[in-house]
Amino acid sequence: VYDIETTGLSSNFDEIIEIGACKVKNGVIIDEFSSFVKPTVSISSFTTELTSITNDDVRFADPIEVVLPKFKEFIGDSILVAHNATFDNSHIYANLKKLGLYDGPFPTIDTLQLARVCYSNKLKRFDLGAVTKFFDVELTQHHRAIYDTMATAQVFIRMLNDLLDRNIR
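Residues numbered from 1 in each chain as written. Predicted model: local features only at pLDDT ≥ 70, side-chain atom pairs only at ≥ 80, totals over all residues. Heavy atoms only, no water.

(A) Main features of the nonpolar core. Core analysis: the largest hydrophobic core is formed by 20 residues, its most contacted members being Tyr2, Ile19, Phe71 and Ile92. Counting residues per element, the ones that place at least two in this core are strand S1 (2-6), strand S2 (16-25), helix H3 (64-75), strand S4 (80-82) and helix H4 (85-98). Per element, the largest residue contribution to this core is six residues, and it comes from H3. Setting aside anything within four residues of it in sequence, one finds Tyr2 in contact with Gly20, Ala21, Phe71, Leu80, Val81, Ala82, Asp88, Asn89, Ile92 and Thr149. Leu114, Ala115, Leu123 and Phe135 belong to the second-largest nonpolar core, a separate cluster that totals 19 residues. (Core = buried A, V, L, I, M, F, W, Y, C linked by side-chain atoms within 4.5 Å. Buried < 20%, exposed > 50% of the residue type's maximum accessible area, 1.4 Å probe, protein only. Helix = DSSP H or I, 4+ residues; strand = E, 2+ residues; numbered from the N terminus. Contact = heavy atoms within 4.5 Å.)

Structure follows, in structure tokens:
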């Protein structure tokens, strides 16, 4: 399960400033990955307001050229899980391509899409805040990658249990 924070919405023009991930096996978090990423541009005040990530936080962080290979090694051949995976994957793929490390798309489960399909009769909104509230999962510090990752992992585990109850495997 993973999440990123970026300097903006465009995978072509904006940069990753944080990557958080955890491995889930048999419904239990067994490992974590968390790293700030030093961008080539200054973090805007808007981004800092949204994420609480400051230029000081990333000043001594490794650049994407160092962090992304470590992240790729961490995920290995796992199936990725993300909330709004299209956004996160677009940034990861764009950076993997820039670094010559892109081997093709990762198998990915999107908890946003899963929520829309499986819980549309119970939810009006499907953002991470609404979904965590529905599943009674704590969202410690929204828009910080590692905290969003941990919350998404707990949501996904609950979704998997619901799917298993419905005999969906």
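(B) Broad picture of the pairing of S2. Among the ten residues that make up S2, seven are buried, leaving the element largely enclosed by the rest of the structure. Bridging between S1 and S2 involves five bridges; their strand directions are antiparallel. For Ile4, the partnering residue across the bridge sits in S2 and is Ile19. Bridge count for S2 against strand S3 (residues 28-36) is eight bridges, and the pairing is antiparallel. In the strand pairing of S3, Lys23 is matched with Asp31. (Pairing = 2+ DSSP bridges.)

(C) Up close: the pattern of salt bridges. All told, the structure shown has five salt bridges when counted by the stated rule. Linking Lys72 and Asp103 is a salt bridge whose minimum nitrogen-to-oxygen distance equals 2.5 Å. Of the two residues, Lys72 sits in helix H3 while Asp103 sits in the loop between H4 and strand S5 (108-110), which places them 31 residues apart along the sequence. Between Asp127 and Arg125 there is a salt bridge whose closest N-O contact spans 2.7 Å. Looking at Asp127, the relative accessible area reads 30%, which means it is partly exposed. (Salt bridge = Lys/Arg side-chain N within 4 Å of Asp/Glu carboxyl O.)

(D) Local environment of the layout of surface pockets. Estimated volume of the largest pocket: approximately 500 Å³. Residue lining of the largest pocket: 25 residues in total, with Asp3, Glu5, Asn84, Phe87 and His143 positioned closest to the centre. Among the secondary structure elements, those contributing two or more residues to the lining of the largest pocket are S1, helix H1 (45-51), H4, helix H5 (111-118) and helix H7 (145-165). Broken down by element, the residue count for the lining of the largest pocket peaks at five residues, all from S1. Here the residues of the lining of the largest pocket sort into nine nonpolar, ten polar and six charged. (1 Å grid on protein atoms, 1.4 Å probe; cavity = no way out; pocket = protein on both sides within 12 Å on 5 of 7 lines; lining within 4 Å. Points joined across faces, edges and corners; volume = space filled by probe spheres on them. Nonpolar A, V, L, I, M, F, W, Y, C, P; charged D, E, K, R; others polar.)

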